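Overview (structure and organization)
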Amino acid sequence: YEIFHEGIRILGLKVVERGEFREDVFRTLTEQCRDPQYVGLDVKAMVAGNNVCVRRYLGLVEKFGLGFVEAAGQKMIADSEEKARAKLRSMPDGAWASRTYITVPDRKERKAVPMQVVCSMTKRGDELHLDFSGTSPQTAHDTNSTLPSTLAHIAIALTNTLFWDVPWSDGKLRPVKISVPEGSILNCKFPAACAAAPVIGGILVAAVCEATGKMLFAAGRHEDVTASWYSTWYEGGPGYIPAGHNREGVRTAMGIYDIHGSGLGATPARDGVNTGGHMNIPSGGISDVERIEMQYPLLYFARNHNKDGSGFGRFRGGLGTYRIFVVYGSKDYSNDFKPYGGIPQGAFGLFGGHPAGCGGLRAIFLTDANFFALVRAGDYPAQIDDVIGARWGELYLPEGNPGRVSLPELTLLCDYVASGGGYGDPLDRDPEKVARDVKTEMTSAEIARRIYGVVMDGENYAVDRDETANLRRQMRQQRITEASLLGRVEKPPNGALKGTLRIHEYLEIGGNGYQKFIRCIRCGHVFCDAKDNYKKYSLRRIVPLNLVARYPLPSGGEYLGHYHEYICPGCATLLQVDLFCPALGGAEDLWDIRID
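In what follows, the accompanying structure is described. Position numbers for residues start from 1 in each chain and track the written sequence from start to end. Only residues with pLDDT of at least 70 get local features here, since the model is predicted, and only at 80 or more are side-chain atom pairs given and counted; chain-wide, interface and lining totals rely on the full set of residues. Each side-chain value is derived from all of the structure's non-hydrogen atoms; neither hydrogens nor water enter the calculation.

1. What to know about the pattern of salt bridges
By definition here, a salt bridge exists when the distance from a side-chain nitrogen of Lys or Arg to a carboxyl oxygen of Asp or Glu is within 4 Å. Following the criterion strictly, the structure yields 40 salt bridges and no others. Between Glu17 and Arg22 there is a salt bridge, and its shortest N-O distance comes to 2.7 Å. Categorising residues by exposure relies on relative accessible area from a 1.4 Å probe, with only protein chains included: less than 20% of the type maximum marks a residue as buried, more than 50% marks it as exposed, and the intermediate range marks it as partly exposed. Accessibility expressed as a relative area gives 31% for Glu17, which makes it partly exposed. Given a relative accessible area of 28%, Arg22 falls into the partly exposed group. One network of salt bridges, in which partners are shared, links Glu81, Glu82, Arg85, Arg89, Asp126, Glu127 and Arg174.

See below:
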């Protein structure tokens with residue numbers, strides 16, 4: 001694809017000229033769309049917003065004079081810069097790194113291809129440097145970002161996490177230096193297609209937020225730390241862009257914003273919000289089901305929290321939502337479709353938390369003559385497990401993975417949205433919280449036992465504390481048995497170490513007067529010199545994603561990566577869970593925390 005495939009390119013036309021609304025230009029824009037009224041209202045709303053800004057800004061000039069307003073503007077920018085620099089000075093000097101993944105369609109092979117975003121963040125004094133070397137090259141598809149889009153997404157990430165209390169202006173980004181390789185998916189060369197720039201932008205935001213979160217933790221600003229808001233267990237299958245006519249014969253266009261019902265990341269103190277919003281659009285909202293059913297040829301059977309959708313951890317991420325709905329009242333409905341990609345996207349957990357939950361199903365099911373009989377009997381699919389069998393329909397995999405697929409009336413669709421990453425070792429989670437989540441169908445009994453090590457009475461969800469403690473001991477021992485020790489400190493330090501800086505939920509830097517080391521806060525195990533990568537001295541267990549997944553990929557394909565679990569050799573605490581995709585290479589044991 002090239003940018004010329006993405007529709008007509010219009011540069012520099014004025015919708016309003018010398019105070020007059022240009023109806024010809026307006027119609028030229030809106031008549032390119034399936035829903036001219038929808039787009040037209042959006043354009044006029046932007047014009048109205050600009051008019052309000054102009055009127056109020058000129059009002060300031062009239063009241064205070066042009067010189068004062070210009071000086072005040074410069075003062076606001078300078079103040080923002082100083083506040084941003086002061087915030088950076090409160091952080092320890094060091095470097096933090098992250099790596100997030102996405103899958104994109106290969107238009108020739110019609111299969112999902114993994115891509116990565118690598119972020120290396122260095123902080124010195126009152127300046128921050130972000131380097132994205134190692135990020136995948138631009139694609140032949142439309143999942144590319146131009147440099148302006150990339151800079152905008154970096155601004156979003158830093159505003160949401162680091163500079164949230166700094167007034168919005170150019171000043172807050174003056175201390176930030178950014179290096180983005182040209183020809184990468186974050187800085188594509190013309191005429192690369194880039195319609196999906198907001199998608200790759202979300203993966204970029206996650207990468208920046210992971211590095212920023214770890215820096216904030218080392219600075220003691222734990223209330224500002226959060227795991228990913230953009231975790232998706234896998235991509236592919238039916239997407240979010242419908243087309244066709246509704247029951248009244250009106251064309252339908254994109255406008256279903258269930259994706260804004262994403263789960264938020266876990267924090268050092270609490271679980272993530274289950275349906276809190278979207279990292280890139282924190283003030284966005286989802287539409288009422290009734291409104292969607294009025295406008296689109298769709299009927300919802302369920303829109304609920306996505307069981308096992310959260311990144312697991314001492315505090316779990318927000319679940320996000322799933323939905324089950326049926327095409328109804330349209331003979332020409334179609335939906336976008338992507339080949340299935342078997343690696344979590346935009347996902348990261350913190351300090352032992354899982355990057356993403358393994359629940360959720362995104363698939364198409366063709367119903368049969370039994371459909372109406374079941375509905376008339378008062379039955380309907382409310383849970384994902386209801387549609388996995390053949391009772392409600394047969395799984396449909398379009399041959400050749402076309403970009404769009406036409407779907408007959410009464411086709412069932414299932415999908416889910418992004419969720420939040422987890423925080424901390426899942427075996428540290430309060431068993432009563434796990435039991436409550438199982439009772440409220442937020443966590444499955446399988447995950448409660450397999451990931452959290454919680455044993456319950458199957459009828460009343462009462463925790464068996466003795467059996468839970470015994471199972472958790474066995475799971476910690478299993479971690480040690482199944483993992484490999486990557487390195488060993490040749491000479492452990494003599495004498496007691498005095499803690500100097502907590503850099504991780506379970507790790508701190510301690511010194512004995514001559515040298516500084518990284519050690520476990522829980523058991524005191526010394527990993528390495530403070531200048532080294534603690535992961536290289538941890539136990540590492542490689543866990544294939546298919547062993548984590550609750551459901552196989554609907555395509556029957558293989559997952560594309562695995563988890564690297566880093567474990568304390570002394571107490572078997574889970575320190576970090578990293579995604580790794582061998583096909584893309586890069587550092588196996590990503591050095592994510594380096595303190596000067």
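Further notes follow.
2. Description of the side chain of Asn306
Helix numbers and strand numbers start at the N terminus; a helix is a DSSP run of H or I with at least 4 residues, a strand a run of E with at least 2. Tracing the backbone through its elements, the reader meets Asn306 in the loop between strand E9 (298-305) and strand E10 (321-327). On the basis of relative accessibility, which here comes to 2%, the residue Asn306 falls in the buried class. Two residues qualify as a contact provided that any one of their heavy atoms is within 4.5 Å of a heavy atom in the partner residue. Apart from the residues within four sequence positions on either side, Asn306 is in contact with Leu319, Gly320, Thr321, Tyr322, Gly359, Gly360, Ile384, Tyr416 and Met442.

3. Re helix H1 (residues 23-30)
Restricting attention to buried positions, one finds in H1 the residues Val25, Phe26 and Thr30. Along H1, the residues classed as buried sweep out an arc of 125° about the axis, all on the same side. Packing partners of the buried residues in H1 comprise strand E2 (20-21) and helix H2 (36-64). Starting at the helix axis, one direction is taken to each C-beta atom, and the arc is that of these directions.

4. Comments concerning the nonpolar core
Buried together is how nonpolar side chains tend to be arranged in soluble globular proteins. For the purposes of this section, nonpolar cores are sets of buried Ala, Val, Leu, Ile, Met, Phe, Trp, Tyr and Cys residues that join through side-chain atoms within 4.5 Å. Core analysis: the biggest nonpolar cluster contains 67 residues, and Trp233, Tyr234, Leu412 and Tyr563 have the highest contact counts within it. The leading source of residues in this core is E10, at 5 residues. When near neighbours in sequence (up to four residues on either side) are disregarded, Tyr234 contacts Tyr340, Gly341, Ile343, Gly360, Leu361, Arg362, Tyr416, Leu553, Pro554 and Tyr559. Residues Met121, Val176, Leu216 and Ala218 belong to the second largest nonpolar core, which totals 62 residues.

5. A few points about the packing of aromatic side chains
Centres within 6.5 Å are what make two rings of Phe, Tyr or Trp a pair, Trp counting through its six-membered ring; a difference in plane orientation under 30 degrees is then read as stacked, over 60 as edge-to-face, and the rest as tilted. Inspection of the entire model under this criterion finds 16 aromatic pairs. Centroid distance Tyr234 to Tyr416: 5.7 Å. Interplanar angle 85°. Geometry classified as edge-to-face. With Tyr234 in the loop between helix H5 (197-218) and strand E7 (235-245) and Tyr416 in strand E15 (residues 412-416), the pair connects residues that are 182 residues apart, well separated along the chain. Here Tyr234 matches Tyr416 in class, with each residue buried. Judged by centre distance (6.1 Å) and plane angle (90°), the rings of Phe337 and Tyr340 are edge-to-face. When its relative accessible area of 3% is taken as the criterion, Phe337 is described as buried.

6. Some remarks on helix H3 (residues 66-89)
Take the number of residues in a helix, subtract one, and multiply by 1.5 Å to get its expected span. Taking 1.5 Å per residue, 24 residues should reach 34 Å; H3 reaches 35 Å between its end C-alpha atoms and fits that length. Turning to H3, its buried residues number three or more, namely Val69, Ile77, Ser80, Glu81, Ala84, Arg85, Lys87 and Leu88. If you follow the buried residues of H3, they end up packed against H2, strand E4 (111-124) and strand E5 (127-131).

7. Some remarks on the pairing of strand E18 (residues 507-511)
With 5 of its 5 residues buried, E18 lies for the most part within the structure. Both faces of E18 are covered, namely the face carrying Leu507, Ile509 and Gly511 and the face carrying Glu508 and Gly510. We treat two strands as partners when DSSP finds at least two bridges between them. Strand direction decides the pairing type here: strand E17 (residues 498-502) and E18, joined by 4 bridges, are antiparallel. Across the sheet, residue Gly499 finds its bridge partner in E18, namely Gly510. Hairpin connection, E17 to E18: the antiparallel pair is bridged by 4 residues. As defined by bridge partners, E18 adjoins strand E19 (residues 516-520) across 5 bridges and the pair is classed as antiparallel. When the bridges of E19 are listed, Gly511 appears paired with Lys516. Taken together, E18 and the strand that follows it, E19, pair antiparallel across an intervening segment of 4 residues, in which Gly513 is found at a positive phi of about 95°.

8. Quick look at the pairing of strand E6 (residues 176-179)
A regular strand places its side chains so that they alternate between the two faces of the sheet. Bridge count for E5 against E6 is 4 bridges, and the pairing is parallel. By the bridge assignment for E6, Leu128 is matched with Val176.

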